[in-house]
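Examination of the molecular architecture
So the chains spell out like this:
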Amino acid sequence: MIHFVYPYDTARIAAPWSIGNHVAAELRARGHEVKQYDWEDEWSIIPGLGDILLGHPHPEPGHVWENSAKASGWDRIVALSPLPVAADARAASARHVAAADHWLLLAGPRWQHLVDEYPRATRLDMAIDPAEFPPLDIPDTRPTRRFITIGCTLPVKNPWLMADLSLRLPYHFSHIGPGRVGGRVVDVGNGQLATPEAREHLAAHDFLIMTSTEDANPTTVLEALCWGLIPICTAGCGWDFPLMLPYDADHAALVLSYIASMDSHWLRAQRAIGRRLALEYSWTRFVDVVEAACLG
């Protein structure tokens, strides 16, 4: 039995629920018996013969993964969570490192050096099911290019760069998610991105901008590839796709101006490349790594 601790809800396709949903379904399809728990649960699981504990440690004590990891009798204990990028968060995770036989850290390739600091750890890219994020109806031509950012406005997301760029450049900038970005960025609120209204709004843009400084592996980048939005990311997003954005606002403005000047043929080519790239980040590939860690 694999006891799997992760947020899950089959009505939701976004991370982190997508991880709980897809990993459990794929493991069951491979013949494993899986019992699921939400990471906020406060159970203490008593392991049976051959049982495996897999899942997301909670940053606060008293929750199911860390409660259960204290029990003896597990065949294997595997942690699965986003990489804590900030130094203080990595330090706080030390108590979980000792409890796990292996740690699967969700992190973009640019964070490999931080993953290497953990003993018995493997870097794991996020995954996506393109069928859950069908292409948007994005026009090839419009009077001016449009940029959108998706997510919260916590400091690690570095919203100030987006706000600064919106004041420097004559393009339309908008934001979906909790909080306000500032500058000329239009905040449109927070909600399910699969609704017709959200998809219509997303389709009014050409590029996704992610300006984070300490973001492990934002799944929004993979979602954008499926939709046909072209992602432009800072190095702090962890991804290493070709369109990278510098942190310096002067240089970043030059980069966006250059990209915005590209013609419709270039945009169509980038969208096609992006959709093919998204196919590489399959849940089959993801669960291959999870299964191998569980079986030791």
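Located above this text is the structure these notes cover.
I will try to describe carefully the structure that is included in this document. (Residues numbered from 1 in each chain as written. Predicted model: local features only at pLDDT ≥ 70, side-chain atom pairs only at ≥ 80, totals over all residues. Heavy atoms only, no water.)

**Some words on the overall build of the protein chain**
Looking only at helices and strands, one finds eleven helices and eleven strands in the protein chain. Whereas a compact globule of 296 residues would reach a radius of gyration of roughly 19 Å, the protein chain reaches 20 Å, a difference of no more than 12%. Principal-axis analysis of the C-alpha atoms places the extent of the protein chain at approximately 65 × 35 × 30 Å. Within the protein chain, buried positions represent 52% of all 296 residues. In the protein chain, the share of contacts with a sequence separation of at least 24, taken over all contacts with a separation of at least 6, comes to 65%. Carbon and sulfur atoms make up 55% of the accessible area of the protein chain, which amounts to about 13,000 Å² in all. If the 24 positive side-chain charges of the protein chain are averaged to one point and the 35 negative ones to another, these points end up 5 Å apart. (Helix = DSSP H or I, 4+ residues; strand = E, 2+ residues; numbered from the N terminus. Rg over C-alpha atoms; globule rule 2.2 N^0.38 Å. Buried < 20%, exposed > 50% of the residue type's maximum accessible area, 1.4 Å probe, protein only. Contact = heavy atoms within 4.5 Å. Areas by Shrake-Rupley, 256 points an atom, 1.4 Å probe, with all protein chains shown as cover. Lys, Arg positive; Asp, Glu negative; His and termini not counted. Charge placed at Lys NZ, Arg CZ, Asp CG, Glu CD.)

**Points about unusual backbone geometry**
The omega torsion across Ala15 and Pro16 is 10 degrees, close enough to zero to call that bond cis. Its identity as a non-glycine residue notwithstanding, Arg120 has a phi of 55 degrees, on the positive side. For Arg120, the location among the structural elements is in the loop between helix 5 (112–115) and strand 6 (121–124). Overall, the relative accessible area of 41% leaves Arg120 in the partly exposed class. Phi at Asn158 is positive, roughly 55 degrees, even though this residue is not glycine. Residue position: Asn158 is located in the loop between strand 7 (146–150) and helix 6 (159–168).

**Comments concerning the nonpolar core**
Ranked by internal contacts, the top residues of the largest apolar core, which has 50 residues, are Ile19, Val23, Leu54, Leu80 and Phe286. Among all residues touching Leu80, those that are not within four sequence positions of it are Phe4, Tyr6, Ile19, Leu54, Gly55, His56, Pro57, Leu104, Leu106, Leu124 and Phe286. Of all hydrophobic cores here, the second largest spans 23 residues; its members include Ala163, Ile232, Ala249 and Ala252. (Core = buried A, V, L, I, M, F, W, Y, C linked by side-chain atoms within 4.5 Å.)

**Quick look at helix 10 (residues 264–280)**
Helix length check: helix 10 (17 residues) gives 25 Å between terminal C-alpha atoms against 24 Å at 1.5 Å per residue, within 8%. Against the buried residues of helix 10 lie strand 10 (207–210), helix 8 (220–227) and strand 11 (230–233). Regarding helix 10, its N-cap is Asp263, as a side-chain oxygen of that residue lies 3.2 Å from the backbone nitrogen of His265 further along. (Expected span 1.5 Å × (residues − 1). Polar contact = N/O pair within 3.5 Å; in protein donor to acceptor, adjacent residues only side chain to side chain.)

**Description of the pairing of strand 2 (residues 34–37)**
The pairing of strand 1 (residues 2–5) with strand 2 spans four bridges and is classified as parallel. Along strand 2, the bridge assignment pairs Ile2 with Val34. Following the backbone out of strand 1, through helix 1 (residues 17–29) and into the adjacent parallel strand 2, one traces a crossover that is right-handed. (Pairing = 2+ DSSP bridges. Right-handed = clockwise from strand over helix to strand, strands pointing away.)

**Some details on the side chain of Asn158**
Since its relative accessible area comes to 13%, Asn158 is described here as buried. Apart from residues no more than four positions distant in its own chain, Asn158 is found in contact with Thr211, Ser212, Thr213 and Tyr247.

**Brief notes about the pattern of salt bridges**
Scanning all chains against the criterion turns up 15 salt bridges. Across the pair Arg123 and Asp125 runs a salt bridge whose closest N-O atoms are separated by 2.6 Å. Residue Asp125 is classed as buried on the basis of its relative accessible area, which comes to 12%. Of the charged contacts, one joins Arg180 and Asp187 as a salt bridge, the two residues approaching to 3.8 Å between their closest N and O atoms. (Salt bridge = Lys/Arg side-chain N within 4 Å of Asp/Glu carboxyl O.)

**Some thoughts on the sheet that holds strand 3 (residues 52–55)**
Where strands meet in a sheet, backbone hydrogen bonds hold them as pairs that are either parallel or antiparallel. Strand order in the open sheet formed by six strands is 2-1-3-4-5-6, and the pairing between neighbours is parallel. Since the sheet does not close on itself, it has two edges, and those belong to strand 2 and strand 6, each with one partner. Recorded for the sheet is a direction-independent mean angle of 20 degrees between the axes of neighbouring strands. Each of strand 1, strand 2, strand 3, strand 4 (76–82) and strand 5 (102–106) touches helix 1; the most contacted strand, strand 2, lies at about 170 degrees to it. Packed on one face of the sheet, helix 11 (residues 283–295) meets strand 3, strand 4, strand 5 and strand 6 and runs near 150 degrees to strand 4. (Axes fitted to C-alpha atoms, helices over the stretch in contact; angles between N-to-C directions.)

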